[in-house]
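These are the residues of each chain, in order.
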Amino acid sequence: MTTSPAPASSVIPADQLVGRAAVSAFLGRYRGQTRVHTESDLRVFLRWCTDHDLDPLAAARVDVERYVRWLQDVRRYQPSTVSRRLSVVVGFYRVCVIDAILEHSPADYVRRPTVPAESPTLGLGHLQFEALITTARQSSNPNDFALVALLGLLGLRIFEACGSNIADLGEEHGHRVLRVRGKGGKVVLVPLPPAVARAIDRAVDERTSVPILRNAHGGRMDRHAATRRLKHLAAAAGIRMPRMHPHMLRHTFVTTMLDAGVSLRDVQIAARHADPRTTMRYDRARKNLDRHPNYILAAYMTSGT
C-alpha cells in the first residue's frame, strides 16, 4: 500500500514557511533588475542571520545594528552600499509589519551611515574619455566601440547596455532610437547620435536578432565581460585608473554633459535620475577637483615651484 506524500506544511517548520512568505511578499513589490538587486541585498542579510543562528523574524534592533557594523567593519563597504543594504532590510521589516507578521519593526531607529554629498566614484577626464573612445573605435573587436558608446555616450547602466537587443532598435519621428528597459521595468526611448548609431551598426553587422553586445564566445555580454573589456581598453589607451568599471563611464556621461554646459535639470533627465540630488552628487565631485584651492596655491607660488 502506497502512502501519499506528506503536505509541505508537515515537512517544513511553520516558522520557515512564515519567513518564506514574508520574503516573497516583500520581493513581490519589485520587478525586473530592481527585484534582482533587492533580492541580492536581502539575501546578504538573511545569510548573515543564518551564520549567527538568528531567526530574521525574531531579530531585535541590536541585531540589525550588529549587521550594519558587520557591513562596515568586516566587509568594509562604502557608506552608500551600507545605506542601500540597510534600506532593503528596513523595507523588508516594514512589509512584515504591514502584513501583520510582526508587531513592530526591529529596524526602526537603527542609525544610518552618513553618505557623502559627493559621489566617491570619479569619471574620466575629457582627454581620457577621448582616448578611450578612439581606442575602442580602432579595436578589432566591434563590441568595444559599441560598449563604450552605450555606456559613455548614452549613459546606460551596465545591465541596460548588456540587456539591449537588436529588436530594440527602431525609428521615432525621424530619429534612430533604442528602446531601453531601465530600473523597475520602465521602458524609455533613447535617441542615438550618429557616432553611437555607427558603433551599434558595426557591432550588429548583418545580424537581425539576439543581443547587441556579445562576449568572446558569441553569447550575451554580461557585466563581468564588460568590465574586462573596459580594463583592456583603458590599458591600451594609456589611462591609469586604480579601478576601471562600467559605472565609471555612466559617471563620465554625466560630468562631461555638465562640462559641455548642459543644465543640471537636462542632465538629470538624460541620466534618468529620479532625484536631482543624485545628479548633484556627480556635479559636486567634479567641482571639488576642478576648483580645488591646491591649484590656486601652486599657481601663486609658481616662481618657487
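Here the structure is a predicted model, which means the values were calculated and not measured. (Residues numbered from 1 in each chain as written. Predicted model: local features only at pLDDT ≥ 70, side-chain atom pairs only at ≥ 80, totals over all residues. Heavy atoms only, no water.)

Visitor: I keep staring at the overall build of the protein and nothing clicks. Help me out?
Guide: What the protein contains, in helices and strands, is 14 helices and three strands. Counting the 305 residues in the protein, one finds 39% classified as buried. Accessible surface, the protein as shown: approximately 17,900 Å² in total, 53% of it carbon and sulfur. (Helix = DSSP H or I, 4+ residues; strand = E, 2+ residues; numbered from the N terminus. Buried < 20%, exposed > 50% of the residue type's maximum accessible area, 1.4 Å probe, protein only. Areas by Shrake-Rupley, 256 points an atom, 1.4 Å probe, with all protein chains shown as cover.)

Visitor: Would you explain the sheet that holds strand β2 (residues 175–181) in this entry?
Guide: Within a sheet, each strand pairs with its neighbour through backbone hydrogen bonds, oriented either parallel or antiparallel. Strand order in the open sheet formed by three strands is β1-β2-β3, with antiparallel pairing between adjacent strands. For this open sheet the edge positions go to β1 (169–172) and β3 (187–191), each flanked by a neighbour on one side alone. The average angle at which neighbouring strand axes cross in this sheet is 45°, direction not considered. Of the strand pairs in this sheet, β2 and β3 are connected by five bridges, and their pairing is antiparallel. Following the sheet pairing, Leu 178 is matched in β3 by Val 190. (Pairing = 2+ DSSP bridges. Axes fitted to C-alpha atoms, helices over the stretch in contact; angles between N-to-C directions.)

Visitor: Whenever I open this one, the packing of aromatic side chains confuses me. Can you help?
Guide: Think of a pair of aromatic rings as described by two things: how far the centres are apart, and how the planes are tilted against each other in angle. Scanning the entire structure with this criterion turns up eight aromatic pairs. Of the aromatic side chains, those joined through ring pairs into one cluster are Phe 26, Tyr 30, Phe 45, Trp 48, Tyr 67, Trp 70, Phe 92 and Tyr 93. When the ring centre of Tyr 77 is taken as origin, the NZ or CZ atom of Arg 85, which lies over that ring, is 4.8 Å away. (Phe/Tyr/Trp six-rings, centres within 6.5 Å; stacked < 30°, edge-to-face > 60°. Lys NZ or Arg CZ within 6 Å of the ring centre and 35° of its normal.)

Visitor: In this structure, what is going on with the pattern of salt bridges? I would like to understand it.
Guide: Oppositely charged side chains are able to pair whenever their charged atoms sit close together. Considering all chains together, one arrives at twelve salt bridges under this definition. For the salt bridge of Glu 65 with Arg 111, the shortest nitrogen-to-oxygen distance reads 3.6 Å. Note that Glu 65 is positioned in helix α4 (residues 61–74) and Arg 111 in the loop between α5 (79–98) and α6 (126–138), a separation of 46 residues in sequence. Classification of Glu 65 as buried rests on a relative accessible area of 6%. In this structure, Glu 160 and Arg 272 form a salt bridge, with 2.8 Å as the shortest nitrogen-oxygen distance. Taken as a pair, Glu 160 in helix α8 (residues 158–163) and Arg 272 in the loop between α12 (264–271) and α13 (276–290) lie far apart in primary sequence, 112 residues in all. Among the residues examined, Glu 160 registers a relative accessible area of 2% and is labelled buried. Several salt bridges converge on common partners, so that one network encompasses Arg 61, Glu 65, Arg 69 and Arg 111. (Salt bridge = Lys/Arg side-chain N within 4 Å of Asp/Glu carboxyl O.)

Visitor: Any chance you could explain the packing of helix α7 (residues 142–153) against helix α10 (residues 223–236) here in plain terms?
Guide: Between two packed helices, what matters for the description is the angle formed by their axes and the separation of those axes. Running from amino to carboxyl end, α7 crosses α10 at an angle of 100°, the nearest separation of the two axes being 11 Å. Between α7 and α10, the crossing angle belongs to the class labelled roughly perpendicular. For the pair formed by α7 and α10, the contact residues are Asp 144, Leu 147, Val 148 and Leu 151 on the first element and Ala 226, Arg 229, Leu 230 and Leu 233 on the second. Partitioned by chemical class, the residues of the contact of α7 with α10 number six nonpolar, no polar and two charged. (Parallel < 35°, antiparallel > 145°, perpendicular 65-115°, else oblique. Contact = heavy atoms within 4.5 Å. Nonpolar A, V, L, I, M, F, W, Y, C, P; charged D, E, K, R; others polar.)

Visitor: Help me out: how do you make sense of the environment of Asp 205 in this one?
Guide: Here Asp 205 is to be found in the loop between α9 (194–204) and α10. Separated by 63 residues in the primary sequence, Asp 205 and Pro 142 have C-alpha atoms spaced 9.1 Å apart.

Visitor: Is there a simple way to explain the packing of α6 against α7 in this structure?
Guide: α7 packs onto α6 with a crossing angle of 150° between their chain directions and a minimal axis gap of 7 Å. With respect to their mutual orientation, α6 and α7 come out roughly antiparallel. Between α6 and α7 lies a crossing of left-handed hand. Every residue of α7 that contacts α6 at Phe 129, Leu 132, Ile 133, Ala 136 and Arg 137 is listed here: Asp 144, Phe 145, Val 148, Gly 152 and Leu 153. Split by residue class, the contact of α6 with α7 holds seven nonpolar, one polar and two charged. (Left-handed = near helix turned anticlockwise from the far one by under 90°.)

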